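Read off the chains here:
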Number of protein chains: 2
Amino acid sequence: MIYAGVDVGGTNIKIGLVDIKGAIIADNSIKTDKNKDYKGILEDIVADLRLLCEKAGVDYHDIGGIGLGVPGVVDSRTGTVSYSANLGWRDVPLVHGLEVASGIRTEAANDANCAAWGEYKFGSSRSMDNAILVTLGTGVGSGIIIDGKLFDGVASAGGEAGHMIIVKDGKQCNCGLKGCWERYASATALIEQTEEAMKKYPDSLLHDVVKENGKVSGRTAFIAAERGDKAAREVVENYIDYIATGLINLGNIFHPNAIVIGGGVSNEGPALIEPLEEKVNSGLLASEHNPKVRIIGASLGNKAGIIGAAALVM
Amino acid sequence: MIYAGVDVGGTNIKIGLVDIKGAIIADNSIKTDKNKDYKGILEDIVADLRLLCEKAGVDYHDIGGIGLGVPGVVDSRTGTVSYSANLGWRDVPLVHGLEVASGIRTEAANDANCAAWGEYKFGSSRSMDNAILVTLGTGVGSGIIIDGKLFDGVASAGGEAGHMIIVKDGKQCNCGLKGCWERYASATALIEQTEEAMKKYPDSLLHDVVKENGKVSGRTAFIAAERGDKAAREVVENYIDYIATGLINLGNIFHPNAIVIGGGVSNEGPALIEPLEEKVNSGLLASEHNPKVRIIGASLGNKAGIIGAAALVM
């Protein structure tokens with residue numbers, strides 16, 4: 001059996017055909033046409049899915065289900081998108097709409113939840129029945145697996161760990177609160193922290209790295225730190241400490257088997273993961289009496305959205 | 001059928017006989033004899049339980065099960081107390097020990113989890129399948145109900161929301177971390193905040209209230225605030241804001257039906273609950289698109305431990 005996974009973003013929509021083992025048979029990306037209403041966008045998705053089937057030699061009618069990952073608040077029980085800032089959607093009956101347009105059984109969930117589900121079914125937290133995915137990107141997203149099921153709270157409005165307050169009365173967040181974890185631990189925050197260090201240390205290697213790469217990115221501080229730059233090391237250490245603070249909170253609340261780190265920053269690998277695992281476990285309550293919470297990198301990369309969405313309907 | 005609920009504390013052990021509707025038929029309190037090992041304490045519990053049965057006219061052999069609530073890390077699946085600072089226990093096979101001593105089926109859980117379970121089965125969060133109990137006492141405890149089941153993480157090491165960091169690099173906590181929620185939102189913290197205000201404002205009514213009552217308590221600031229004292233109002237407002245910060249975090253992560261507030265401070269009633277409900281819901285992500293998270297006072301009071309423990313075996 002073949003399943004379709006659709007990762008709906010504000011700019012692009014990634015569509016893939018996924019087999020029962022989580023392997024992508026074929027995939028494609030189309031533009032999100034914001035001039036169209038949601039029904040128009042669903043028609044684009046179905047048209048591309050038919051093309052993809054042709055290309056892959058798969059009979060469209062053999063698709064066992066379509067999973068949708070959407071940025072925003074998606075009530076996974078009713079299939080309704082309550083709210084998506086990126087897509088400008090509000091109370092959109094997405095699952096019903098796609099079932100009508102495609103003739104195929106459909107389910108939907110928040111994109112971070114799809115990614116968490118993908119890592120649990122086919123990625124680095126495979127077979128860990130209690131695992132949390134944290135994505136460090138533009139913001140900080142999270143998806144929570146409890147006892148082998150996706151947990152997202154009443155009306156799927158939970159699972160928003162990026163908006164934990166870790167610095168009371170701290171930096172202003174877009175959500176209206178102050179001091180949210182994502183204001184300190186996202187890639188966006190890392191860039192901000194790197195820029196602040198560059199102003200403070202005009203002789204730092206950070207400036208050289210930026211000249212080589214054309215701009216400040218989430219990699220800048222890590223690269224300069226590897227070259228031994230003191231200011232960059234300070235940025236990296238503080239940034240890891242901010243990530244660890246939120247992970248300790250999740251560890252003390254959930255004590256999962258593992259927390260999976262995804263998003264662009266997770267590509268730093270052991271330089272990020274190893275200090276995090278040490279800091280988090282030494283911060284957990286009564287840690288010497290309890291099993292360790294493993295910190296591991298995500299393994300599905302930017303295909304986690306497609307694979308996780310497809311896994312919703314498997 | 002009658003069930004026994006045992007709330008094991010570092011100073012006293014409360015023992016009760018509870019019917020299927022959650023009503024206490026008879027209860028008693030004995031001293032926790034710290035000179036004895038856990039087996040000696042379990043013998044004391046069984047002896048008192050037999051006395052209680054006699055007093056209540058209940059046949060000991062009619063007890064359908066014994067539930068134990070214990071402060072510390074209790075693996076509810078294995079019935080082992082991994083660690084209890086209050087009792088000085090470490091890796092104690094408590095459930096097995098009590099089953100041997102009593103001849104009755106036994107289960108055990110952390111005391112805050114028992115209280116959460118009691119409120120869910122018979123108290124103010126009855127029939128709310130997603131609810132969190134937060135107790136504001138010496139520390140801040142928490143118990144989490146997800147989809148009608150007690151959730152406490154791998155090896156029951158989770159559910160420790162009191163040790164969420166809400167002020168990074170903040171006040172030193174006994175657990176080793178800095179800035180834990182309980183350092184700001186417990187009754188202990190409220191007393192500390194009241195004492196600080198008394199030093200700062202020697203003319204405040206706080207001093208009069210303390211003279212009347214003999215000491216600073218968790219009630220002092222609330223009483224003086226009711227009388228219109230400005231310094232006391234500031235203490236109460238800031239304290240409520242600290243509680244709200246942690247509740248917002250739990251709301252964004254879990255989005256439960258309700259968060260139940262227990263512990264001594266919860267006796268303040270609407271003066272505490274109403275501003276909390278307003279602050280929490282205005283702090284939740286996309287709150288206008290989601291169902292409200294209700295904030296409600298616990299209803300089982302200091303019997304929640306007995307009732308919740310008994311409910312474990314019902």
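Our structure's up above, just so we're on the same page.
What counts, and where the lines are drawn
- Residues numbered from 1 in each chain as written.
- Chains lettered and ligands numbered in written order.
- Predicted model: local features only at pLDDT ≥ 70, side-chain atom pairs only at ≥ 80, totals over all residues.
- Heavy atoms only, no water.
- Helix = DSSP H or I, 4+ residues; strand = E, 2+ residues; numbered from the N terminus.
- Rg over C-alpha atoms; globule rule 2.2 N^0.38 Å.
- Buried < 20%, exposed > 50% of the residue type's maximum accessible area, 1.4 Å probe, protein only.
- Contact = heavy atoms within 4.5 Å.
- Areas by Shrake-Rupley, 256 points an atom, 1.4 Å probe, with all protein chains shown as cover.
- Lys, Arg positive; Asp, Glu negative; His and termini not counted.
- Charge placed at Lys NZ, Arg CZ, Asp CG, Glu CD.
- Buried area = accessible area lost by both parts, 1.4 Å probe.
- Salt bridge = Lys/Arg side-chain N within 4 Å of Asp/Glu carboxyl O.
- Nonpolar A, V, L, I, M, F, W, Y, C, P; charged D, E, K, R; others polar.
- Pairing = 2+ DSSP bridges.
- Polar contact = N/O pair within 3.5 Å; in protein donor to acceptor, adjacent residues only side chain to side chain.
- Axes fitted to C-alpha atoms, helices over the stretch in contact; angles between N-to-C directions.

A. Region of the structure containing the overall build of chain A. Counting its secondary structure elements, chain A contains 10 helices and 13 strands. By the compact-globule yardstick of 20 Å for 314 residues, chain A fits well, its C-alpha radius of gyration being 20 Å. Relative to its 314 residues, chain A shows a buried fraction of 61%. Taking the intrachain contacts of chain A between residues at least 6 apart in sequence as the baseline, contacts between residues at least 24 apart amount to 60%. Element-wise, carbon and sulfur atoms account for 48% of the exposed surface of chain A, whose accessible area totals about 12,600 Å². Treating the 30 positive side-chain charges of chain A as one cloud and the 39 negative ones as another, the clouds have centres 2 Å apart.

B. Structural context of the interface of chain B and chain A. Counting residues at the interface gives 44 residues for chain B and 44 residues for chain A. Here chain B meets chain A over a buried area of about 3,800 Å², counting both sides, of which 67% is carbon and sulfur. Taken together, the links from chain B to chain A amount to 2 salt bridges. Note that A:Lys168 is salt-bridged to B:Asp241, the shortest N-O span being 2.8 Å. Of all elements in the fold, only β6 (80–84), β10 (140–146), β11 (149–151) and α8 (230–254) of chain B reach the threshold of two or more residues within the side of chain B that touches chain A. A total of 9 residues in the side of chain B that touches chain A trace back to one element, the largest contributor, which is α8(B). Of the residues assigned to the side of chain B that touches chain A, the class counts are 24 nonpolar, 14 polar and 6 charged.

C. Inspection of the pattern of salt bridges at higher detail. This model, assessed by the stated rule, comprises 29 salt bridges over all chains. Note that A:Arg77 is salt-bridged to A:Asp152, the shortest N-O span being 3.5 Å. Highlighted residues: A:Arg77 in the loop between β5 (73–75) and β6 (80–84) and A:Asp152 in the loop between β11 (149–151) and α4 (182–185), separated in sequence by 75 residues. Overall, A:Arg77 belongs to the exposed group, its relative accessible area being 57%. Residues B:Glu192 and B:Arg183 are paired through a salt bridge, measuring 3.3 Å at the closest nitrogen-oxygen approach. What emerges from the salt-bridge pattern is a single network uniting A:Lys168, A:Asp169, B:Asp241 and B:Lys279.

D. View of the pairing of strand β3 (residues 24–31) of chain A. Residues and elements named next belong to chain A. Where strand β2 (residues 12–19) and β3 come together, 7 bridges link them in antiparallel fashion. Across the sheet, Ile 15 pairs through a bridge with Asn 28, a residue of β3. In sequence, β2 turns back onto β3 through a hairpin of 4 residues, with Gly 22 there showing a positive phi of about 85°.

E. Expanded view of the side chain of B:Asn281. Residue and element names in this part refer to chain B. Along the polypeptide, Asn 281 turns up in helix α9 (residues 270–283). At 3.0 Å, the side chain of Asn 281 and the backbone oxygen of Glu 277 are in polar contact. Within the structure, the side chain of Asn 281 is placed 2.8 Å from the backbone oxygen of Val 293, a separation counted as a polar contact. The residues contacting Asn 281, other than those within four sequence positions of it, are Ser 287, Lys 292 and Val 293.

F. Seen up close, unusual backbone geometry. Residue and element names in this part refer to chain A. Located in the positive-phi region is Asp 147, a residue other than glycine, with phi close to 50°. Looking at the secondary structure, you find Asp 147 in the loop between β10 (140–146) and β11. Backbone geometry at Ala 155 places phi at a positive 55°, although glycine is not the residue there.

G. Representation of the sheet that holds strand β12 (residues 258–262) of chain B in the model. Residue and element names in this part refer to chain B. Taken in spatial order, the 5 strands of this open sheet run β11-β10-β9-β12-β13, and their pairing is mixed. Strands at the two margins of the open sheet, each flanked by one partner only, are β11 and β13 (294–297). Put simply, the sheet's adjacent strands are angled 25° from each other on average, direction ignored. Strand contacts of α9: β12 and β13, with the helix running at about 165° to β13, the strand carrying the most contacts.

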